[in-house]
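Structural overview for review
Each chain, written out:
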Amino acid sequence: MTLIDLDQAATTATRREVLEAMWPWLTGEHGNPSSTHALGRRAADALADARTRIARRAGVRPAQVVFTSGGTESDNLAVIGLTLAALARGRDRHVLVSAIEHEAVLESAAYLERWHDVEVERIPVDADGVVDADAARVALRPGTALVSVQAANNEVGTLQPLDAVLAAARTVGALVHTDAVQYAGWYPLAGLAALDAVTISGHKLGAPKGVGALLLPTSAAIEPLIHGGGQERDRRSGTENVAGAVGLAVALERAEAEREAHPLGALEARRDAFIARVLETVPGARLTGHPSRRLPCHASFVVPGIGGEPLLIALDDRGILASSGSACAAGRDEPSPVLLAMGLDADTARTAIRFSWGASTIQESLDSAARELAESAASLRGLG
């Protein structure tokens with residue numbers, strides 16, 4: 001059976017160009033970039049080149065790129081590190097996060113509550129998963145340390161009004177972080193260069209798992225979470241993953257080249273056609289997330305009356321890979337906190353299903369997925 005991968009918001013295959021670029025730094029050119037001999041200097045040069053290439057795409061300086069082990073570490077470093085540094089400068093113990101952030105942000109905020117007596121407020125969202133910028137403005141205080149709002153939601157694909165959030169935060173001098181893990185590659189990272197911290201992750205772009213970056217466009221002070229040798233300008237200690245950094249740079253470049261080769265309008269039209277077909281052929285199906293302000297290759301639904309997990313298993317048996325939402329929450333029976341925050345009841349939230357694909361996914365794959373979804377839903381309802 002040929003598998004159709006429509007779960008690419010969870011992870012992507014490593015690109016061939018990325019593997020080829022990484023290979024020398026995994027084999028003969030295996031030097032430690034902190035070493036002063038020739039092998040180490042070549043590794044340091046490769047690391048610097050990768051940093052420069054990412055910085056160029058992100059509209060920042062190379063010194064503002066911090067390599068990490070992935071999106072989770074970058075989110076932790078941003079939320080905890082920026083807040084602790086802000087507290088040291090006299091800011092209030094007050095942080096705002098949206099109600100639908102990734103667990104890496106929410107748990108980092110919870111850590112600050114438990115161990116640093118920080119008050120964390122959650123910014124509500126509407127029924128489409130859009131952050132209420134007016135509510136954020138009301139919740140902000142003159143001493144608020146940090147606001148964290150993701151650029152695009154991983155479960156429902158909604159794009160957030162970051163410009164409005166940033167404008168509100170700047171009126172009180174608060175720092176702003178965004179988790180751009182799902183956003184990167186689809187939209188220019190340079191558009192986020194007015195923020196204080198931006199999280200990206202390699203394996204969402206075609207790099208291997210285990211590499212990511214935190215971009216610090218304003219060079220805001222940050223307290224490191226990992227201590228040791230002082231690498232990454234004392235912001236993230238540990239011998240650098242040179243091959244991973246090289247792979248991340250190539251993956252980001254290739255993702256942006258794909259975006260240029262596949263106009264956003266065309267990708268959105270294909271997405272909207274897929275959504276329309278699902279809504280037409282699956283009785284009771286409802287779109288989750290904003291109908292238009294959403295990622296271009298992302299469609300998420302609830303199908304009341306049919307459990308999300310049985311539907312996913314039925315699709316898997318037919319060679320269609322999808323998910324019920326965040327890959328980090330897979331296997332849990334609890335309803336999605338994202339959907340609950342959007343006003344859905346728990347039973348409906350448990351019927352969630354998400355499809356996410358790449359710019360090069362062919363139309364026939366989407367057609368097959370829509371057809372198999374309709375047949376699977378009918379079978380599970382006892383109608384097929």
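Because the structure is a prediction, the values reported are computed rather than measured.

1. Observations concerning the nonpolar core
The nonpolar side chains of soluble globular proteins are, as a tendency, buried together. In terms of nonpolar packing, the biggest core is built from 95 residues, with Phe67, Val147, Leu189, Phe274, Ile353 and Phe355 touching the most fellow members. Of the residues forming this core, the biggest block, ten residues, is contributed by helix α8 (residues 242-261). Counting 24 residues, the second largest nonpolar core, distinct from the first, contains Val97, Val118, Ala145 and Ala197.

2. Focus: the environment of Leu366
Within the secondary structure, Leu366 is located in helix α13 (residues 363-380). Residue Leu366 is classed as buried on the basis of its relative accessible area of 1%. Leu366 has contacts with Leu6, Arg270, Phe274 and Trp357, leaving out every residue within four places of it along the chain.

3. Digging into empty space enclosed by the protein
The final tally for this structure, using the stated rule, is two cavities of 30 Å³ or more. Taken as a whole, the largest cavity encloses approximately 40 Å³ of empty space. Together, Glu155, Val156, Thr288, Ser300, Phe301, Ser324, Gly325, Leu339, Ala352, Ile353 and Arg354 line the largest cavity. Where the lining of the largest cavity is concerned, the elements lending two or more residues are β10 (298-302) and β12 (352-356). Tallying contributions element by element places β12 first for the lining of the largest cavity, with three residues. Here the lining of the largest cavity is built from residues that sort into five nonpolar, four polar and two charged. Of the voids in this model, the second largest cavity is the one considered here, and its volume is about 30 Å³.

4. Brief notes about unusual backbone geometry
Peptide bonds are, in most cases, trans, and in most cases residues other than glycine have a negative phi. Positive phi, normally seen in glycine, also occurs at Asp117, with a value near 55°. The backbone of Ser219 sits at a positive phi, close to 60°, despite the residue not being glycine. For Ser219, the position within the fold is in the loop between β8 (212-215) and α7 (231-234).

5. Quick notes on the packing of helix α10 (residues 308-317) against α13
As a packed pair, α10 and α13 sit with axes 9 Å apart at the nearest point and diverge in direction by 125°. By the angle class used here, α10 and α13 are oblique. For the crossing formed where α10 meets α13, the hand is right-handed. On the side of α10, the interface is formed by Pro310, Leu311, Ala314 and Leu315, while α13 contributes Glu372, Leu373, Ser376, Ala377 and Leu380. Residue composition of the contact of α10 with α13, grouped by class: seven nonpolar, one polar and one charged.

6. Here we look at α10
Owing to its 3.6 residues per turn, the α-helix brings residues three or four apart onto one side. Within the sequence span of α10, burial applies to Gly308, Leu311, Leu312, Ala314 and Leu315. All buried residues of α10 lie within an arc of 160° about the axis, which places them on one face of the element. Among the exposed residues of α10, those oriented more than 90 degrees off its buried face are Ile313 and Asp317. Where α10 is buried, its residues meet β11 (320-321), β12 and α13. Backbone geometry just after α10 places Gly319 at a positive phi near 85°.

7. Thoughts on the sheet that holds β10
Pairing between the strands of a sheet comes from backbone hydrogen bonds, and it takes one of two forms, parallel or antiparallel. What the three strands build is an open sheet, ordered β9-β10-β12; its pairing is antiparallel. Here the strands that pair on one side only, and so sit at the sheet edges, are β9 (286-288) and β12. Taking each pair of neighbouring strands and ignoring which way they run, the sheet shows an average axis angle of 35°. Pairing of β10 with β12 involves five bridges; the strand directions are antiparallel. Each residue of the ladder has a partner; that of Ser300, found in β12, is Arg354. Where helix α9 (residues 264-281) meets the sheet, its contacts fall on β9, β10 and β12, and the angle it forms with β10 comes to roughly 20°.

8. Some words on the sheet that holds strand β3 (residues 94-98)
Overall, mixed pairing links the seven strands, which are arranged β2-β8-β7-β6-β5-β3-β4 in an open sheet. Edge positions in the sheet fall to β2 (65-68) and β4 (119-123), since each of these pairs with one other strand and no more. Neighbour-to-neighbour, the strand axes of the sheet open up by a mean angle of 20°, direction not taken into account. Alignment of strand β5 (residues 146-148) against strand β6 (residues 175-179), held across three bridges, turns out to be parallel. Paired with Ser148 across the strands is His177, a residue of β6. Of the strands in this sheet, β2, β3, β5, β6, β7 (197-201) and β8 touch helix α3 (residues 71-88), which is tilted by about 165° from β7. Strand contacts of helix α4 (residues 103-116): β3, β4, β5 and β6, with the helix running at about 160° to β3, the strand carrying the most contacts.

So, how was this worked out
- Residues numbered from 1 in each chain as written.
- Predicted model: local features only at pLDDT ≥ 70, side-chain atom pairs only at ≥ 80, totals over all residues.
- Heavy atoms only, no water.
- Core = buried A, V, L, I, M, F, W, Y, C linked by side-chain atoms within 4.5 Å.
- Buried < 20%, exposed > 50% of the residue type's maximum accessible area, 1.4 Å probe, protein only.
- Helix = DSSP H or I, 4+ residues; strand = E, 2+ residues; numbered from the N terminus.
- Contact = heavy atoms within 4.5 Å.
- 1 Å grid on protein atoms, 1.4 Å probe; cavity = no way out; pocket = protein on both sides within 12 Å on 5 of 7 lines; lining within 4 Å.
- Points joined across faces, edges and corners; volume = space filled by probe spheres on them.
- Nonpolar A, V, L, I, M, F, W, Y, C, P; charged D, E, K, R; others polar.
- Axes fitted to C-alpha atoms, helices over the stretch in contact; angles between N-to-C directions.
- Parallel < 35°, antiparallel > 145°, perpendicular 65-115°, else oblique.
- Left-handed = near helix turned anticlockwise from the far one by under 90°.
- Arc of directions from axis to C-beta.
- Pairing = 2+ DSSP bridges.

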